[in-house]
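One-letter residues, chain by chain:
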Amino acid sequence: MSERAPRVPRESGRFNPREVLAAAKEAAVAALVALGLFVLLIGVRTDQGPTGALVIRTRFGALAAIVAAVFVGRLVLALARHDARLSIGRLAPAALRAALSGLGIYAAAAFLAFALIVPIVFYTDRYLLDLAILIVTYTMLGFGLNIVVGLAGLLDLGYVAFYAVGAYSYALIAQHFGLSFWICLPLAGILAAFAGLILGFPVLRLRGDYLAIVTLGFGEIIRLILLNWQDLTGGPNGISEIARPSFFGLPFNSTAHGFAATFGLTYSPTHRIVFLYYIILALALITNWVTLRLRRLPIGRAWEALREDEIACRALGINTTTTKLTAFAMGAMFGGFAGAFFATRQGFISPESFTFGESALVLTIVVLGGRGSQLGVAVAATVMLGGFEFFREFEQYRMLVFGAAMVAIVIYRPRGLVATRTPSVSLGARTDIPAAIAGGARTETPA
Amino acid sequence: MEYFVQQLINGITLGSIYGLIAIGYTMVYGIIGMINFAHGDIFMVGAFTALIAFLVLVALGVSAVPLALFIVLLVSMALTALYGWTVERIAYRPLRQSSRLAPLISAIGMSIILQNYVQVAQGARVKPLPPLVSGGYTLLHGNDFAVRLSNIQIVVVVTTFALMAGFSFLVARTRLGRNMRACEQDLKMAALLGIDVDRTISLTFVIGAALAAVAGLMFLLYYGVVDFFIGFLAGVKAFTAAVLGGIGSLPGAMLGGILIGLIETLWSAYFSIEYKDVAAFAILIIVLIFLPTGILGRPEVEKV
Amino acid sequence: MSAAQILNVEHLTMRFGGLVAVSALSFSARVHEITALIGPNGAGKTTLFNCITGFYKPTVGRLQLTHPDGSSFLLERLPEFRIAREARVARTFQNVRLFAGMTLLENLLVAQHNALMLASGFTVLGLFGSRAYARAEARAIDKARYWLDRIGLAARADDPAGALPYGAQRRLEIARALCTDPVLLCLDEPAAGLNNRESAELNLLLRAIRDEHGTSILLIEHDMGVVMEISDHIVVLDYGVKIADGAPAEVRNDAKVIAAYLGVADAEVEHAEAEAAP
């Protein structure tokens, strides 16, 4: 890179040496920091030797590779700062946003249409059907949490607790009273909503970040109780042989009274999978419909107002405690439905399925999707879970990617994929409100 | 009676470790008003760094335990402080102007990253270390129970209190401490008065992480085993300690830590060991609801 | 001037730790009047507002609000949302608090939350599209449109509130308070940051609110032009203590008031801290 090369018109890469030097220095510092960070934790691996004592072996190759990667990455970033054409960071989200909010309603319709025909298209691929069920389940959980986090602006880190309450309620009621899935499902939802009310009542007065920690605490308490109350929950062994849902009383099995025999079909285990898929799809769509409907009602508007400015809400005569409580209970109820579905689909549940990691996953889906956006949540659930499956070999890295995604999203795209907000009511034509103005952007200066 | 005294000693030792971690929560909360959710995992990184540093020293032939531990302490404080600095720089600084939820979500992301990074780099299995500091004193002889104060317990408590004293001096008497207190009062005003706010915040994270590293080393010595998940529970308990003592207050963090340590130990000793973590979470919730300003905290008046 | 009292403040004291922000204050505001609270920075005006609207609970004292129909409320005993809902005291804030990401229309509908909530059968009826709710919502939109017209922002009904210029945001906040059908409207520095033309418009608006809607107004204001022109009654505070109380002409010539205001430069410095503390 010579000082001035006017005769060689290179589009990108005309840096002056001072910039290059500064960038190199920046990269060197970053590499040094990386060396400090990784020298022991990556450079040296500890394992238990044959005697049980720890032995170490060095991995300087890996260390060098990572430090070099940091150097190069930092160098490219630093140079990119000087050249707008190289700034990938800005281009990608803008394109995505245009794609998503420009298409808006069409995208949602296409997405729904695709969701409806998934079992037909992939009928023979059991693996993909299972994945689709998983994605829709998390979409539903995302919708439920979206009411709490996206609309009401309450950060709930223990959402999995309601998922667990729903799952265990279903499993226990079905087991002890022999009731069918269709009776247990609403009961599970109601019990979860009830749990939401009980847990929410004392804590919803708390400030945002305290609330987050308390909900995390509740999530863990519920998991620990499930783990230790052996008589009721089976402890770490969980509950197995949970009743499967039937098609209006027809079980999915190969007997003469089964679904296949009644409709004159050849028995196939896929029938049940397809049936499950449509159940969860219907549940998710109901959740979506209710949420959209609520947004246009006074309660939904109050939730959003609460997110924007709680003090103003109180000055307008809104009882913020009950308003928060309804959001909490509503979110919990949908979590409970999803939990009941999870139990019936798996046929087996144990506390392991309800760890903080699950709460974090659902929260990431909501944050990535754009707090408050239904389409965003569905897309985010598809991208995240689809991505996990796609990179299955790298399973041990998946939580790592997950954490990195959370950090990257809040920094580069704090409002998520779909960052606009559609007004709940309007006099003229509805136009979306850009992210820069929409709630949460307001800076709260600490007192 | 003897049993009770023994539990008190154990509780204070455990509480000292929580107190050291709690200081990190309290300082960060005091200055930028956010819960550094990743702090528990910084503690875990500190414990791992200490473990590996010790093993490397042994491999290099440093056999005198006191010397080795001293070097380990310095190395792990330095490297863990670097983690504290990096976390703040990457995940929190860009969000200084945003809503309250954004840094919290970012912090949760960081916590997940740190946990899984250590899991990937060092494996998910627990890492045992044979006891390095052994011996102790028998204080009381009961009929069938002797109260013992082990050397490691003395080391933990003495180190903690020495650091606590040094740290209080730092905040009360030095220029850095004054800058920190100024930032705590009003970030914007501090910046206008010529205080390098970014630097002060960075240093707060660095100090918090260094103290967490000490806690990590103490944990390693005391329990003789670490894994990548210890940061989560220890973090929650230390946070509870910080809130119980009064968030923003240094003596409060220490007091809260010791109280939590005692409650946990006594709970396990007299009630049920299975539910000891439930007790920790329950205390957190009860304190936040009924005593949100803590024992030594200042009452907060809502800005309208 | 022998109109009935709407608000009666007796021996109100508000203490924050060692700081006494308001000290043994008594005054009353009359119905259908504009009562102005003036005084140097740190005199305790906003603290008084926060006590009246329930955001602070006074250390000592009684705040009695009497509706024109005779029903009365002890405000110090009610939580803030019930003061707005039942005692029907509405307020604005010194640093405007709008729902920035919601449209003007939505802001005004949120203000009618309690009425709409009832009409929607606490959401149940609304969820299934009841007609009664649809009618109630249409009425609420009409009311919002009326106030948007009055503040000259009807054309921007569907814009986000955060996109409005400052003066318009202040007016919108007043309109939002009025959508709660208040008996007493408390305005915290409504003219702050307005230019002369906007400030004159504000005067007209406030008078119209008083005259056409019979709403009583309590006003904190620094702009003496506004205060002297529209107030029926002025209460002057200094250091949390009342130093004068009367019609604009009386207050203007009061020796204590002149002293307080001439000494304002020093007082401001000394009490900047006091203002920042609570």
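Rules used in this analysis
Numbering of residues begins from 1 in every chain and follows the order in which that chain's sequence is written. Key to labels: chains lettered from A, ligands numbered from 1, both in the order written. Side-chain atom pairs in this predicted model are given and counted only at pLDDT of 80 or more, local residue features only at pLDDT of at least 70, and totals for whole chains, interfaces and linings cover all residues. The basis for every side-chain value is the complete set of non-hydrogen atoms in the structure, without hydrogens or water. Throughout, nonpolar core names a set of buried Ala, Val, Leu, Ile, Met, Phe, Trp, Tyr and Cys residues whose side chains join them through atoms within 4.5 Å. A simple rule labels every residue: compare its accessible area, found with a 1.4 Å probe on the protein chains alone, to the largest value its type can have, and call it buried under 20%, exposed over 50%, or partly exposed in between. Only DSSP runs of H or I with at least four residues qualify as helices, and only runs of E with at least two residues qualify as strands; both kinds are numbered from the N terminus onward. Here, residues are in contact when the closest pair of their heavy atoms is within 4.5 Å. Expected span of a helix: the number of residues minus one, times 1.5 Å. Values labelled buried area give the accessible surface lost by two parts on being combined, using a 1.4 Å probe and summing over both. Take a side-chain nitrogen of Lys or Arg and a carboxyl oxygen of Asp or Glu: if they are within 4 Å of each other, that pair is a salt bridge. We define a polar contact as two N or O atoms separated by no more than 3.5 Å, with the added condition that, inside protein, one atom must be a possible hydrogen donor and the other a possible acceptor, whereas residues neighbouring each other in sequence contribute only through side-chain atom pairs. Three categories are distinguished: nonpolar for Ala, Val, Leu, Ile, Met, Phe, Trp, Tyr, Cys and Pro, charged for Asp, Glu, Lys and Arg, and polar for the others, with Gly belonging to the last. Reported domain spans reflect what an automatic or database domain assignment gives. Lines fitted to C-alpha atoms define the axes here, with helix axes fitted over just the stretch in contact, and angles between the N-to-C directions of these axes take values from 0 to 180 degrees. Any angle that falls under 35 degrees is termed roughly parallel, while one over 145 is termed roughly antiparallel, one within 65 to 115 roughly perpendicular, and all others oblique. By the convention used here, strands pair only if DSSP detects at least 2 bridges between them.

Participant: Tell me about the nonpolar core, residues and numbers included.
Facilitator: With 291 residues, the main nonpolar core has Ile-349 of chain A together with Leu-172 of chain C as its most contacted residues. Top element by residues in this core is helix H5 (residues 126-151) of chain A. It accounts for 15 residues. Each residue touching Leu-172 of chain C, except ones within four places of it in the same chain, is listed here: Leu-98, Leu-104, Leu-108, Leu-148, Ile-151, Leu-153, Ala-161 and Leu-164 of chain C.

Participant: Tell me what's going on with helix H5 (residues 151-173) of chain B, and back it up with residues and numbers.
Facilitator: Along an α-helix, residues three or four positions apart point the same way, because every turn accommodates 3.6 residues. The end-to-end C-alpha distance of H5 of chain B is 32 Å, a good match for the 33 Å that 23 residues give at a rise of 1.5 Å each. Buried within H5 of chain B we find Ile-152, Gln-153, Val-156, Thr-159, Thr-160, Met-164, Phe-167 and Val-171 of chain B.

Participant: Can you tell me about the interface of chain A and chain B, naming the residues and giving the values?
Facilitator: The accessible area lost on association of the parts is a frequent measure of interface size. In this assembly, 62 residues from chain A lie in contact with 68 residues from chain B. Between chain A and chain B, a total of about 5800 Å² is buried, with carbon and sulfur atoms accounting for 74% of that surface. Ranking the residues of chain A by area buried against chain B places Leu-40, Leu-41 and Tyr-210 of chain A at the top, with a combined share of 12%. Seen at the junction of chain A and chain B, the total is 0 salt bridges. In this structure, the connection of chain A to chain B is made through 7 residue pairs in polar contact (both at pLDDT 80 or more). Listed by contribution, the elements that provide at least two residues to the side of chain A that touches chain B are helix H1 (17-41), strand S1 (44-48), strand S2 (54-58), helix H7 (181-203), helix H8 (208-228), helix H13 (310-315), helix H15 (356-369) and helix H17 (398-412) of chain A. Sort the elements by how many residues they give to the side of chain A that touches chain B and H8 of chain A lands first, with 13 residues. Grouping the amino acids of the side of chain A that touches chain B by side-chain chemistry returns 40 nonpolar, 12 polar and 10 charged.

Participant: So what's going on with the domain arrangement of chain A? Residues and values would help.
Facilitator: Taken domain by domain, chain A holds domain 1 (17-90) and domain 2 (105-412). When each unit is reduced to the centre of its C-alpha atoms, the spacing between domain 1 of chain A and domain 2 of chain A is 39 Å.

Participant: Explain the packing of helix H1 (residues 2-32) of chain B against helix H6 (residues 175-185) of chain B residue by residue, including any values.
Facilitator: Residues and elements named next belong to chain B. One can describe the packing of H1 onto H6 by two numbers: an axis separation of 6 Å at closest approach and a directional angle of 55°. Classified by the interaxial angle, the pair formed by H1 and H6 is oblique. When H1 is examined against H6, the residues Met-27, Gly-30 and Ile-31 are found in contact with a partner set consisting of Met-180, Cys-183 and Glu-184. Residue composition of the contact of H1 with H6, by class: 4 nonpolar, 1 polar and 1 charged.

Participant: Tell me about the sheet that holds strand S4 (residues 60-66) of chain C, residues and numbers included.
Facilitator: Residue and element names in this part refer to chain C. The 4 strands are arranged S2-S1-S4-S5 in an open sheet whose pairing can be described as antiparallel. Two strands close off the open sheet at either side, each with one partner strand: strand S2 (19-30) and strand S5 (72-74). Direction aside, neighbouring strands of the sheet carry axes that sit 15° apart on average. For strand S1 (residues 5-16) and S4, the ladder comprises 5 bridges, and the chain directions are antiparallel. Bridging across to S4, Val-9 finds its partner in Leu-63.

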